[in-house]
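Chain by chain, the residues run as shown.
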Amino acid sequence: MTAALIENGRTISPSDVRLVQDGRILLGAYGISAPTGPNWDPTADLASKIRVDLGYYGEDGFSLTAEPGDNKRFVAHNEDVVIDEDGPGTWAVAFSGIQRSRTLTEAYFDTVVDPATGSFTLTKASVNTYRDLVTVGISGDDVIISHYPRVKVADREAVQFGANAINALGMTLRAFRDPILGYQVKQWDTTLIAVAPAAPTITGTVPAAEQAAAGNVIITGTGFTGATSVKFGTAEASFNILSDTQIVAVMPGGSAGAANITVTTAGGTSTARTFARS
């Protein structure tokens, strides 16, 4: 189960998720445990309210923007540039039109909301509280989970008190490097996972059962591209790859008898095909 399949603390089917959303926003206190990978399951965190589900992205999603640090540039007397580098900078995550909630309100105003009365007080306009942010995106069968372990509200859209705007807040959170985890942002993206090639398979040979030494054997099957070895029993054979589904090999010399065929590629070694040397 992935974080993308969580809605308000309960699991829902992938097909239902795709009908109503493309992503979610999870906000928690600074210092809580980090996600563990693309199959991370936040159910326990949501149930214990360590993290709070802020809901869906707006129609425009959110933006992740790089903000480079200060530039250091030193020029020699002959005007050659000796050093030209930027500081580490930060990443900024901007959301618009997130449905207002107690957790979001506390983050936006850097305050504490009384859950019994819905009241809060403001004594300053600045924000000094760091929080933990996780964003989850889903596209088809792929999931992207981004963890920002140390964020703070940097910019805020004006609160609009209108018929259609009173329940929405927009803000930008700036991601800083966490001194313990050592990163500003960590992302797990299943679209970037390398898929190991499958092992080759042998489905037939010509001749069908046996061949004399130095005779050709046409091997048919799948996944032969890039084959690195063809063996008859334990003896290596010379061979030529005709296509992904066909190889022609030369029966190596040896005693008559069993000489089962195997083909090896980067994906592994095929199951041995029963064959003999005549």
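For the structure itself, consult the block above.
Procedures and definitions
- Residues numbered from 1 in each chain as written.
- Predicted model: local features only at pLDDT ≥ 70, side-chain atom pairs only at ≥ 80, totals over all residues.
- Heavy atoms only, no water.
- Phe/Tyr/Trp six-rings, centres within 6.5 Å; stacked < 30°, edge-to-face > 60°.
- Buried < 20%, exposed > 50% of the residue type's maximum accessible area, 1.4 Å probe, protein only.
- Helix = DSSP H or I, 4+ residues; strand = E, 2+ residues; numbered from the N terminus.
- Lys NZ or Arg CZ within 6 Å of the ring centre and 35° of its normal.
- Core = buried A, V, L, I, M, F, W, Y, C linked by side-chain atoms within 4.5 Å.
- Pairing = 2+ DSSP bridges.
- Axes fitted to C-alpha atoms, helices over the stretch in contact; angles between N-to-C directions.
- Lys, Arg positive; Asp, Glu negative; His and termini not counted.
- Salt bridge = Lys/Arg side-chain N within 4 Å of Asp/Glu carboxyl O.
- Polar contact = N/O pair within 3.5 Å; in protein donor to acceptor, adjacent residues only side chain to side chain.
- Contact = heavy atoms within 4.5 Å.

(A) Expanded view of the packing of aromatic side chains. Throughout the structure, instances matching the rule amount to 5 aromatic pairs. Ring geometry for Tyr108 and Phe109: centres 4.7 Å apart, planes at 70 degrees, overall edge-to-face. Phe109 shares its class with Tyr108; the two are buried. Geometrically, the ring pair formed by Tyr130 and Phe176 is edge-to-face, given 5.8 Å between the ring centres and 85 degrees between the ring planes. Here the residue Tyr130 occupies a position in the loop between helix H3 (102-109) and strand E9 (131-139), and Phe176 occupies one in the loop between strand E11 (168-175) and strand E12 (186-189), the gap between them amounting to 46 residues. An aromatic cluster is built from Tyr30, Tyr130 and Phe176, whose rings are joined through pairwise contacts. The ring of Tyr130 is capped by Arg150, whose NZ or CZ atom sits 4.0 Å from the centre of that ring.

(B) Local environment of the nonpolar core. Ranked by internal contacts, the top residues of the largest apolar core, which has 19 residues, are Phe95, Leu133, Met171 and Leu173. Put simply, the parts of the chain that give this core at least two residues each are strand E3 (23-29), strand E8 (90-99), H3, strand E10 (142-156) and E11. Within the second largest apolar cluster, 15 residues are counted, among which are Phe224, Val230, Phe232 and Ala237.

(C) Geometry of the sheet that holds strand E17 (residues 235-236). With antiparallel pairing, the 4 strands of this open sheet are ordered in space as E17-E16-E21-E22. With partners counted over all chains shown, the strands left at the sheet margins are E17 and strand E22 (268-269), one partner each.

(D) Region of the structure containing the sheet that holds strand E15 (residues 216-222). The strand order across the open sheet built from 4 strands is E13-E15-E19-E18, with neighbouring strands paired in antiparallel fashion. Of all strands in the sheet, those with a lone pairing partner are strand E13 (201-206) and strand E18 (239-243), marking the two edges. Neighbour to neighbour, the strand axes of the sheet diverge by 25 degrees on average, direction disregarded. Judged from the 4 bridges that link them, E18 and strand E19 (residues 246-250) form a sheet pairing that is antiparallel. Looking across to E19, one finds that Phe239 is bridged to Ala249.

(E) Structural detail: the side chain of Arg277. With respect to the element layout, Arg277 can be found in strand E23 (residues 276-277). Buried charged residue Arg277 carries no salt bridge. Nearest counter-charge: Glu210, at 11 Å. A polar contact of 2.9 Å, which involves the side chain of Arg277, links it to the backbone oxygen of Pro252. Once residues lying within four places of it in the same chain are set aside, the contact partners of Arg277 are Gln211, Ala213, Phe232, Ala235, Met251, Pro252, Gly253, Gly254, Ser255, Ala256, Gly257 and Ala259.

(F) Quick look at unusual backbone geometry. Residue Pro207 follows Val206 across a cis peptide bond; omega there is 0 degrees. Unlike most non-glycine residues, Lys49 shows phi in positive territory, near 65 degrees. Residue placement: Lys49 occurs in the loop between helix H2 (43-47) and strand E4 (51-56). Taking the relative accessible area as the measure of exposure, Lys49 reaches 64% and is therefore exposed. Residue Asp110 is not a glycine yet carries a positive backbone phi of 55 degrees.

(G) Fine view of the pattern of salt bridges. Taken as a whole, this structure holds 5 salt bridges when the rule is applied. In this structure, Arg51 engages Asp45 in a salt bridge whose closest nitrogen and oxygen atoms are separated by 2.6 Å. We classify Asp45 as buried; its relative accessible area is 12%. Arg51 is paired through a salt bridge with Asp132; the nearest N and O atoms lie 3.0 Å apart. In this pair, Arg51 is assigned in strand E4 and Asp132 in strand E9, connecting sequence segments 81 residues apart. Per residue, the accessibility class of Arg51 equals that of Asp132, and both read buried.

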